[in-house]
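Here are the chains, one letter per residue:
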Amino acid sequence: FEDDLQGLHKPSVNHAANLNTSYPICLTIYPNHSNSILYFSKPIQSVDFYAINGSKVFSKSSVSEINISYLSKGLYVLKIYLQNGNSVFKKLIIN
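Report on the accompanying structure. A quick note: this is a predicted structure, and the numbers were derived from the prediction, not measured. (Residues numbered from 1 in each chain as written. Predicted model: local features only at pLDDT ≥ 70, side-chain atom pairs only at ≥ 80, totals over all residues. Heavy atoms only, no water.)

Focus on the sheet that holds strand β3 (residues 44-51)
Just so we agree on the cut-off: Two strands form a pair only when DSSP identifies at least two bridges running between them. The helix count covers DSSP runs of H or I at least four residues long, the strand count covers runs of E at least two residues long, and both are numbered beginning at the N terminus. Axis geometry follows a simple rule: fit a line to the C-alpha atoms, using only the stretch in contact for helices, then measure angles between N-to-C directions, giving values from 0 to 180 degrees.
Within the open sheet, the four strands sit side by side as β4-β3-β6-β7. Their pairing is antiparallel. Strands with a single pairing partner mark the edges of an open sheet, and in this sheet they are β4 (56-61) and β7 (87-94). Averaged over all pairs of adjacent strands, the angle between strand axes in this sheet comes to 20°, irrespective of strand direction. Direction of pairing for β3 relative to strand β6 (residues 74-82): antiparallel, over a ladder of seven bridges. Its bridge partner lying in β6, Ile-44 is registered against Leu-82.

Quick notes on unusual backbone geometry
Backbone torsion omega between Tyr-30 and Pro-31 reads -10°, so that peptide bond is classified as cis. Mapped onto the elements of the fold, Pro-31 is located in the loop between β1 (29-30) and β2 (37-40).

Re the packing of aromatic side chains
Two measures describe an aromatic ring pair: the distance that separates the ring centres and the angle between the ring planes. Going by this rule: Here the aromatic set is Phe, Tyr and Trp, taking the six-membered ring for Trp, and pairing holds for ring centres within 6.5 Å; pairs whose planes are under 30 degrees apart are stacked, those over 60 apart are edge-to-face, and all others are tilted. Buried means the residue's accessible area, taken with a 1.4 Å probe over protein chains only, is under 20% of the maximum for its type, while exposed means over 50%, and partly exposed covers the values in between.
Summed over all chains, the structure comprises three aromatic pairs. Ring centres of Tyr-30 and Tyr-39 lie 5.6 Å apart, and the angle between their planes is 20°; this geometry places the pair in the stacked category. A relative accessible area of 30% places Tyr-39 in the partly exposed class. With centroids separated by 5.9 Å and ring planes inclined at 50°, the aromatic side chains of Phe-58 and Tyr-70 adopt a geometry described as tilted.

Some details on the sheet that holds β2
Ordered in space as β1-β2-β5, the three strands form an open sheet in which the pairing is antiparallel. Sheet topology places β1 and β5 (65-67) at the edges, where each strand pairs with a single neighbour. Note that β1 and β2 share two bridges and pair antiparallel. Bridge pairing in β2 links Tyr-30 to Tyr-39.

What to know about the pairing of β7
Relative to β7, β6 runs antiparallel, the two sharing eight bridges. In the strand pairing of β7, Val-77 is matched with Lys-91. With antiparallel pairing between neighbouring strands as the criterion, β6 and β7 make up a hairpin whose turn holds four residues, including Gly-85 at a positive phi of roughly 100°.

A word on the side chain of Ser-34
Note the cut-off: Polar contact is the term for a pair of N or O atoms within 3.5 Å; when the atoms are in protein, one must be able to donate a hydrogen and the other to accept it, and sequence-neighboring residues count only if both atoms are side-chain atoms. Throughout, a residue-residue contact means that at least one pair of heavy atoms, one from each residue, lies within 4.5 Å.
Structurally, Ser-34 is set in the loop between β1 and β2. Within the structure, the side chain of Ser-34 is placed 3.5 Å from the backbone oxygen of Ile-37, a separation counted as a polar contact. Those residues within four positions of Ser-34 in sequence are excluded, and the remaining contacts are Ile-68, Ile-93, Ile-94 and Asn-95.

Shown next, in the form of structure tokens:
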């Protein structure tokens, strides 16, 4: 009977699949579309604002809200650094 079982394969576990697993980061910026104050749904370490052409517009550290009233209308990409060391990109429309 054991000889018959040797032909069966045991389920394999792919341990490599557990490496560098990225989990969704639940962070909201609001309001998005905005033209005055931008808020973050969780504490952040810092944020970099990029124009749609890729040029860095400015950076801020240790903030929960940012005055963006002086920015030109358009689409911006934010790279947000969280306090746990992760980072996330978000799009922001300023109207």
